[in-house]
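The chain contents come next:
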Amino acid sequence: VEAGLPHKVVISLLHTGKNKIIAGTPENGIAIFDENTVDGVFKVILNGENGVALKNVKHLYEDVNGDIWASTSESGVVNVSSLYIESDFADKLPGKEIEKYVKTFNTQKGLNFNKANYTIQDREKNIWVATEIGINLYRGERFLLYDENDGLSHSLIWDILEDTEGNMWFATENGVTISRNDKV
């Protein structure tokens, strides 16, 4: 299926709880394919044209509210409201109005680095963002940074996993680090 994709290369895919396939591309943002429709076409919902620059969408994650978190190589992390994703106007809003539904978290907004590799939500509804220079923990107000000074085996974080006991596991450039009770 290529119809409607903003770029022929797709870097990341996500299957949402509402039967949508979201595709992240290297240059032109994200697009949605709705399995509930019969047209078989992706609809571009975020690209540079509507005010949200999304380049190199490396990872897509759906949180418990149905919001999508896009980890990018250049723009940090972009949070897309489920209201926007489920709407009929997602591909039609101008830049200023889109800000109600889409939030960009980058170095200007407290993220430690704009190259985000992975994003996940833990059971406490905190957002964890893996970057090339540490872990960012977002509790809804600001980011807390964890790096080698806090006990990470390396600051380059590739992946994050929460185990059944609520411990966070970080795949690093130098092995695995486990965080228990927000302590690395």
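The coordinates are above.
A. Just the sheet that holds strand 3 (residues 30–34), in detail. Strand order across the open sheet formed by four strands is 1-2-3-4, with antiparallel pairing between neighbours. Edge positions in the sheet fall to strand 1 (12–15) and strand 4 (43–46), since each has one partner strand and no second. On average, each strand axis in the sheet is inclined to that of its neighbour by 25°, with strand direction left out of account. Relative to strand 4, strand 3 runs antiparallel, the two being bridged by three bridges.

B. Summary view of the packing of aromatic side chains. Overall, the coordinates contain eight aromatic pairs when judged by the stated rule. Considering the side-chain rings of Trp69 and Phe105, the 5.8 Å spacing of their centres and the 20° angle between planes classify their relative orientation as stacked. Of the two residues, Trp69 is situated in strand 6 (residues 68–72) and Phe105 in strand 8 (residues 102–105); the sequence distance between them amounts to 36 residues. Accessibility classification places Trp69 together with Phe105 in one group, the buried group. Considering the side-chain rings of Phe105 and Phe143, the 5.7 Å spacing of their centres and the 80° angle between planes classify their relative orientation as edge-to-face. Linking Phe105 in strand 8 with Phe143 in strand 12 (residues 143–146), this pair joins segments that are 38 residues apart in sequence. By relative accessible area, which is 10% here, Phe143 ends up buried. Through successive ring pairs, a cluster of aromatic residues spans Trp69, Phe105, Tyr138 and Phe143.

Calculation criteria
- Residues numbered from 1 in each chain as written.
- Predicted model: local features only at pLDDT ≥ 70, side-chain atom pairs only at ≥ 80, totals over all residues.
- Heavy atoms only, no water.
- Pairing = 2+ DSSP bridges.
- Helix = DSSP H or I, 4+ residues; strand = E, 2+ residues; numbered from the N terminus.
- Axes fitted to C-alpha atoms, helices over the stretch in contact; angles between N-to-C directions.
- Phe/Tyr/Trp six-rings, centres within 6.5 Å; stacked < 30°, edge-to-face > 60°.
- Buried < 20%, exposed > 50% of the residue type's maximum accessible area, 1.4 Å probe, protein only.

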